[in-house]
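Chain and residue survey
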Amino acid sequence: MLLHCILNDKPIEIEADPTMTLLDLLREKLHLTGTKKSCGVGECGACTVLVNGEPVNSCLYMAGKIEGKTIYTVEGLAKDGRLSVLQQSFLDHHAVQCGFCTPGMLMSAKALLLHNPHPTEEEIRRALSGNLCRCTGYIAIVEAVQDAAERQVEDQIKASAAETPQDGEMQG
């Protein structure tokens, strides 16, 4: 079956068995190995990607369902060789240990921040509840997401101020 979707901001067309999992499509056909294959039954969250802005366990999501959808993987977070605010925050807070759960954690956190740019600690913990980590104990991960939310707000304020005409400037 010929499938069409937007993958990490790029339109793609790929021939694939519609009954293969999105995880296998990403890793085996598209060679995007950042999304991890772990439990295979949707329990650990290591394979989390975003489909139309919603987190899904790609180990359970059939490839045929991506037709016409927008998919984001961990590889799509960095832009122009620069880490996203969320990725940088994970590094700054030492929220990465072995790294196996990190792609899924990042994608679940990204989905949360897309829908709720000012989450409470409880909302962060709830959003990450489908992602298992055996190394960090979650505290650093929650702190990293809180910090990323604050940084994104600061970046939006700076961007807005840069677009606002200063005193004495002509307005169109």
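Cut-offs applied
- Residues numbered from 1 in each chain as written.
- Predicted model: local features only at pLDDT ≥ 70, side-chain atom pairs only at ≥ 80, totals over all residues.
- Heavy atoms only, no water.
- Pairing = 2+ DSSP bridges.
- Helix = DSSP H or I, 4+ residues; strand = E, 2+ residues; numbered from the N terminus.
- Axes fitted to C-alpha atoms, helices over the stretch in contact; angles between N-to-C directions.
- Contact = heavy atoms within 4.5 Å.
- Buried < 20%, exposed > 50% of the residue type's maximum accessible area, 1.4 Å probe, protein only.
- Core = buried A, V, L, I, M, F, W, Y, C linked by side-chain atoms within 4.5 Å.
- Phe/Tyr/Trp six-rings, centres within 6.5 Å; stacked < 30°, edge-to-face > 60°.
- Lys NZ or Arg CZ within 6 Å of the ring centre and 35° of its normal.
- Salt bridge = Lys/Arg side-chain N within 4 Å of Asp/Glu carboxyl O.
- Parallel < 35°, antiparallel > 145°, perpendicular 65-115°, else oblique.
- Left-handed = near helix turned anticlockwise from the far one by under 90°.
- Disulfide = S-S within 2.5 Å.

Right, let's talk about the sheet that holds strand E5 (residues 70-72) for a bit. What the five strands build is an open sheet, ordered E2-E1-E5-E3-E4; its pairing is mixed. Taken across any chain shown, the strands that pair with only one partner, and hence form the sheet edges, are strand E2 (10-15) and strand E4 (54-57). Between one strand axis and the next, the sheet turns through 40° on average, direction left out of account. Relative to strand E3 (residues 48-51), helix H3 (residues 102-115) is tilted by about 35°, and along the sheet it contacts E3, E4 and E5.

Our focus in this paragraph is helix H1 (residues 22-29). Considered for burial, the residues of H1 that qualify are Leu22, Leu23, Asp24, Leu25 and Leu26. Of the residues trailing H1, His31 is marked for its positive phi of about 60°.

This part covers the nonpolar core. Grouped together as the largest cluster of nonpolar side chains are 24 residues, with contacts concentrated most on Leu86, Phe90, Met105, Leu128, Ile141 and Val145. Elements with a minimum of two residues in this core: helix H2 (85-92), H3 and helix H5 (139-163). With residues up to four places along the chain from it excluded, the contact list for Val145 reads Leu86, Phe90, Ala109, Leu112, Leu113, Ile124 and Leu128. Counting residues in each nonpolar core, the second largest holds 17 residues, with Ala16, Leu32, Val49 and Val51 among its members.

Under the counting rule described, the total for this entry stands at zero aromatic pairs. A cation sits over an aromatic face here: Lys65 above Tyr61, 4.5 Å from the ring centre.

Bringing the side chain of Asn8 into the picture now. The residue Asn8 is located in the loop between strand E1 (2-7) and E2 in this model. With relative accessibility at 13%, the residue Asn8 sits in the buried group. Here Asn8 is in contact with Leu32, Ile71, Tyr72, Thr73, Glu75 and Gly76, once residues within four sequence places are set aside.

Oppositely charged side chains may form a pair once their charged atoms are brought near each other. A complete count under the given rule lists six salt bridges for this structure. For Asp24, the salt bridge goes to Lys37, with nearest N and O atoms at 2.8 Å. Linking Asp24 in helix H1 with Lys37 in the loop between H1 and E3, this pair joins segments that are 13 residues apart in sequence. Overall, the relative accessible area of 17% leaves Asp24 in the buried class. Salt-bridge contacts for Arg151 lead to Asp92; the nearest nitrogen and oxygen are separated by 2.5 Å. Residue Arg151 is found in helix H5, and its partner Asp92 is found in helix H2; the two are separated by 59 residues along the sequence.

Turning our attention to the packing of H3 against H5. Between two packed helices, both the angle of their axes relative to each other and the distance between the axes serve to describe the pair. In the contact formed by H3 and H5, the axes pass within 11 Å of each other and the chain directions differ by 40°. By the angle class used here, H3 and H5 are oblique. Crossing hand, H3 versus H5: right-handed. Across the interface between the two elements, Met105, Ala109, Leu112 and Leu113 of H3 pack against Ile141, Val145, Ala148, Ala149 and Gln152 of H5.

A full pass over the atoms with the stated rule returns zero disulfides. With no disulfide of its own, Cys101 has Cys133 as its nearest cysteine by sulfur position, at a separation of 3.7 Å.

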